[in-house]
Amino acid sequence: MPDVKHFDPDAVLEQVERLFWQRGAATTGIAEVVAATGLSRSSLYATYGGKQDLYVRALRRYVERRSQPMFQTLADDGRGLPAIEAFFDRLIRIRCTGEHARWGCMATNAGAEGADPDVRQVLDQHHDRLRATMRVALEAAGAQGQLADGLDLDATAESLTLLAYGVNLRSRAGADPAALRRGASAALDSLRKDRP
């Protein structure tokens, strides 16, 4: 007779995601996962595999449910530089206030910890998607005459992607939100056709 699960696997994965996001994979032991979820090790292993498998699944869930909606909002916005500015404003607000203040971004945190091939694949996809989204927003900005002449859109998209990772890391370390906003504004001002 098959084992009947008496818990919601997705709800448990959400708990695990929050634990790894806040504390990091390297510093979170399986005993802490057991304590946070209330499940036995055997139930966790039978459902999700070992700790690393569980971490990869939690990271994928984070990217699908938290990162990708933000990327899609930016890609669909169409306003160009104002859309990118709104993206950074929202990113800084999320990272510096509320329930998840000083947690950073789970994907950025994972990259800072070092990564096995499965984690690296998730992180590379995350990076590529964010860079492509920035490129879409920059194309919209260019079409509306907002960008300085001669900008390399691919290099600029990469630069803005790296800026987002920097915001994530600095916010986790407790950086002043106003300083983060000034840095993001300066980066965007350098792209404008009519620079202030």
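For the structure itself, look to the data block above.
Here's a quick rundown of the structure. This is a predicted model, so every value here is computed, not measured. (Residues numbered from 1 in each chain as written. Predicted model: local features only at pLDDT ≥ 70, side-chain atom pairs only at ≥ 80, totals over all residues. Heavy atoms only, no water.)

**Considerations on the overall build of the protein**
Phase 1: Helix and strand counts for the protein stand at 9 helices and 0 strands.
Phase 2: Overall size of the protein, expressed as C-alpha extent along the three principal axes, is 70 × 35 × 25 Å.
Phase 3: Within the span of the protein, comprising 196 residues, buried residues form 40% of the whole.
Phase 4: In the form shown here, the protein has an accessible surface area of approximately 9,900 Å², with 51% of it arising from carbon and sulfur atoms.
Phase 5: Averaged over its 26 positive side-chain charges, the protein has a centre that lies 4 Å from the centre of its 26 negative ones. (Helix = DSSP H or I, 4+ residues; strand = E, 2+ residues; numbered from the N terminus. Buried < 20%, exposed > 50% of the residue type's maximum accessible area, 1.4 Å probe, protein only. Areas by Shrake-Rupley, 256 points an atom, 1.4 Å probe, with all protein chains shown as cover. Lys, Arg positive; Asp, Glu negative; His and termini not counted. Charge placed at Lys NZ, Arg CZ, Asp CG, Glu CD.)

**Things to note about the layout of surface pockets**
Summary: where empty space remains is shown by rolling a probe the size of a single water molecule over the atoms.
Phase 1: Of the volumes computed, that of the largest pocket is approximately 240 Å³.
Phase 2: Taken together, 20 residues form the lining of the largest pocket, with Tyr62, Arg66, Ser67, Met70 and Arg95 sitting closest to its centre.
Phase 3: With 7 residues, the single largest contributor to the lining of the largest pocket is helix 4 (residues 51–77). (1 Å grid on protein atoms, 1.4 Å probe; cavity = no way out; pocket = protein on both sides within 12 Å on 5 of 7 lines; lining within 4 Å. Points joined across faces, edges and corners; volume = space filled by probe spheres on them.)

**What about helix 1 (residues 9–23)?**
Phase 1: Counted at 1.5 Å a residue, the expected span for helix 1 with its 15 residues is 21 Å, and the 21 Å between its end C-alpha atoms agrees.
Phase 2: Within helix 1, the full set of buried residues consists of Val12, Leu13, Val16, Glu17, Leu19, Phe20 and Trp21.
Phase 3: A distance of 3.0 Å separates the backbone nitrogen of Asp10 from a side-chain oxygen at the start of helix 1, and that oxygen is part of Asp8.
Phase 4: Within two residues after helix 1, Gly24 carries a phi angle of roughly 90°, on the positive side. (Expected span 1.5 Å × (residues − 1). Polar contact = N/O pair within 3.5 Å; in protein donor to acceptor, adjacent residues only side chain to side chain.)

**Focus on the packing of aromatic side chains**
Aromatic ring pairs are reported here in terms of the distance separating the ring centres and the angle at which the planes meet.
Phase 1: Throughout the structure, instances matching the rule amount to 4 aromatic pairs.
Phase 2: For the pair Phe20 and Tyr55, a centre-to-centre distance of 5.1 Å together with 80° between the ring planes defines the contact as edge-to-face. A residue pair is termed long-range when its members are at least 10 positions apart, and Phe20 in helix 1 and Tyr55 in helix 4 qualify at 35 residues. When sorted by exposure, Phe20 lands in the same class as Tyr55, which is buried. (Phe/Tyr/Trp six-rings, centres within 6.5 Å; stacked < 30°, edge-to-face > 60°.)

**Some thoughts on the side chain of Asn168**
Phase 1: Relative to the elements of secondary structure, Asn168 occurs in helix 8 (residues 153–172).
Phase 2: Reaching out from Asn168, the side chain makes a polar contact with the side chain of Thr108 at a distance of 3.0 Å.
Phase 3: With sequence-adjacent residues up to four places away left out, Asn168 is seen in contact with Leu91, Arg95, Gly104, Cys105 and Thr108. (Contact = heavy atoms within 4.5 Å.)

**Looking at the pattern of salt bridges**
Working definition: two side chains of opposite charge can pair if their charged atoms are close together.
Phase 1: In total, this model carries 15 salt bridges according to the counting rule given.
Phase 2: As a salt-bridge pair, Asp77 and Arg79 come within 2.8 Å of each other at their nearest N and O atoms.
Phase 3: Under the relative-accessibility criterion, Asp77 is labelled partly exposed at 30%.
Phase 4: Residue class for Arg79 comes out partly exposed when judged on its relative accessible area of 39%.
Phase 5: A salt bridge links Arg131 to Glu158, with the shortest nitrogen-to-oxygen separation between them at 3.1 Å. Of the two residues, Arg131 is situated in helix 7 (residues 117–143) and Glu158 in helix 8; the sequence distance between them amounts to 27 residues.
Phase 6: For Arg131, a relative accessible area of 29% corresponds to the partly exposed category.
Phase 7: Taken together, the shared-partner salt bridges in this structure form one network comprising Asp10, Glu14, Glu17, Arg61, Arg65 and Arg66. (Salt bridge = Lys/Arg side-chain N within 4 Å of Asp/Glu carboxyl O.)

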